[in-house]
Amino acid sequence: MLTEKIKSLDSEISAIAAISTTHEDIEKYRIEFLARKGKIASLYDDLKSVPNDQKPMVGQQINRLKKKAEEVYETLKSKLDSSTAKKELVDLTLPGRMLLHGTRHPITRTIEQMKSIFVSMGFGIAYGPEIEDDYHNFEALNFAPHHPARDMQDTFFIKDDVVLRTHTTPVQIRVMKSQKPPIRVIMPGRVYRNEAVSARSNYFFHQVDGLYVNENVTFAELKGTLITFAKNFYGSNIKYRFRPSYFPFTEPSLEMDITCFLCSGKGCRICKQTGWLEILGAGMVHPNVFRNCSYDPEKVSGFAFGMGVDRISLLRYGVDDIRTFFENDIRFLNQF
Ligand code: DAH
């Protein structure tokens, strides 16, 4: 019976629809069912032999099957099209797109290492302005009126009594004037000096100052703090030495050297054959500095220190020209 044939073709089409995925499958299906000599077309031939009174009913069944067969074909084709389109979007043989992420500047990295060591020793962090007045940069720090550091040769003047700070030490004055002891802070930042630019020196650079003020602060505590820092920062097996020095804002004053970490103390170009590298200046806060901040030097004492950041970064990262730090050449900066 034709009606049965139609039914069995119907389920055949459903089965094929469920498993056909490739271009070949779909083409084979089209030829088998929908082509001019395909199975559906042959149903219309068979219709001729159906008794006249049944023709409309069977004809409708064939029409419905034909419609279904065509829909299945369209659906299979559009599924295949969209999956090949997706495949074309992803070409696994192409090199991946690089994620460009920034790196921290070597100077920033050095400062952050210093900060984390001092923070672990209980120091806070304070900042001050890069444009400073003569009072904070010099006078309150006990510089005599005609101290050579005030000379035009060393200092950039903005006005008679306004300068680009020549060190981060003026932040000590600002901190002491705005806080009460005990005070324990480090003060990182950029400083400026009117120096000839070369591979070794620049007209701006970076310092980290430190200040501890309390009752009965001792010179031994200063030394202990500096040694702890140096061992953490440069390595626990370094050797160090203290030399007497002079700064207007500390008394007594010292400078600290460590064994040159490039030649391990044997003597090289960097340490000028001495085997030692100077890493910082320090001392006990001068009574005049306390007085300028309305602290009573009979009641409080303190120590202070200051160190450069740029030269140390130069040595640590094996960079041979300080100017390259600030040229913003991405090829240089990417190496850190
Ligand atoms: N301000 C000094 C300089 O620029 C460094 C320094 C020395 C800072 C001793 C201090 C200190 O706080 O106590 O060379």
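This section reports on the structure supplied with the text. (Residues numbered from 1 in each chain as written. Predicted model: local features only at pLDDT ≥ 70, side-chain atom pairs only at ≥ 80, totals over all residues. Heavy atoms only, no water.)

Let's shift gears to the site of the ligand. Around the ligand, the surrounding shell holds 15 residues, and the nearest of these are Thr-169, Gln-172, Arg-193, Gln-207 and Asp-209. Separating an oxygen atom of the ligand from a side-chain N or O atom of Gln-207 is a distance of 2.9 Å. The contact in question runs from an oxygen atom of the ligand to an N or O atom on the backbone of Phe-305, over 3.1 Å. Protein chains shield 88% of the accessible area of the ligand, which is 360 Å² for the free molecule. Comparing atom positions with the cavity grids shows the ligand to sit within the largest pocket. Those elements that provide at least two residues to the shell around the ligand are strand 6 (204-214), strand 9 (276-285) and strand 10 (301-308). (Near = heavy atom within 4 Å. Polar contact = N/O pair within 3.5 Å; in protein donor to acceptor, adjacent residues only side chain to side chain. Areas by Shrake-Rupley, 256 points an atom, 1.4 Å probe, with all protein chains shown as cover. 1 Å grid on protein atoms, 1.4 Å probe; cavity = no way out; pocket = protein on both sides within 12 Å on 5 of 7 lines; lining within 4 Å. Sits in = over half its atoms within 2 Å of the grid points. Helix = DSSP H or I, 4+ residues; strand = E, 2+ residues; numbered from the N terminus.)

Here we come to the sheet that holds strand 4 (residues 162-164). To summarise the sheet geometry, strands pair through backbone hydrogen bonds and adopt either a parallel or an antiparallel arrangement. Strand order in this open sheet of three strands is 2-4-3, and the pairing throughout is antiparallel. Either end of the sheet is taken by a strand with one partner, and the two such strands are strand 2 (131-133) and strand 3 (157-159). Within the sheet, the average angular offset between the axes of one strand and its neighbour, ignoring direction, is 35 degrees. The pairing of strand 2 with strand 4 spans three bridges and is antiparallel. When the bridges of strand 4 are listed, Glu-132 appears paired with Val-163. (Pairing = 2+ DSSP bridges. Axes fitted to C-alpha atoms, helices over the stretch in contact; angles between N-to-C directions.)

Two residues of an α-helix separated by three or four positions point the same way, owing to the 3.6 residues in each turn. A rise of 1.5 Å per residue sets the reference length of helix 5 (residues 106-120), with its 15 residues, at 21 Å; its end C-alpha atoms lie 21 Å apart and thus fit the reference within 8%. Two residues or fewer after helix 5 comes Gly-122, characterised by a positive phi angle close to 95 degrees. (Expected span 1.5 Å × (residues − 1).)

All right, on to empty space enclosed by the protein then. Counted by the stated rule, this structure contains one cavity of 30 Å³ or more. The space that makes up the largest cavity amounts to roughly 40 Å³. Among the secondary structure elements, those contributing two or more residues to the lining of the largest cavity are strand 9 and helix 10 (310-316). A per-class count over the lining of the largest cavity returns six nonpolar, no polar and two charged. (Points joined across faces, edges and corners; volume = space filled by probe spheres on them. Nonpolar A, V, L, I, M, F, W, Y, C, P; charged D, E, K, R; others polar.)

Fair warning: the whole summary comes from geometry, so function is off the table for now.
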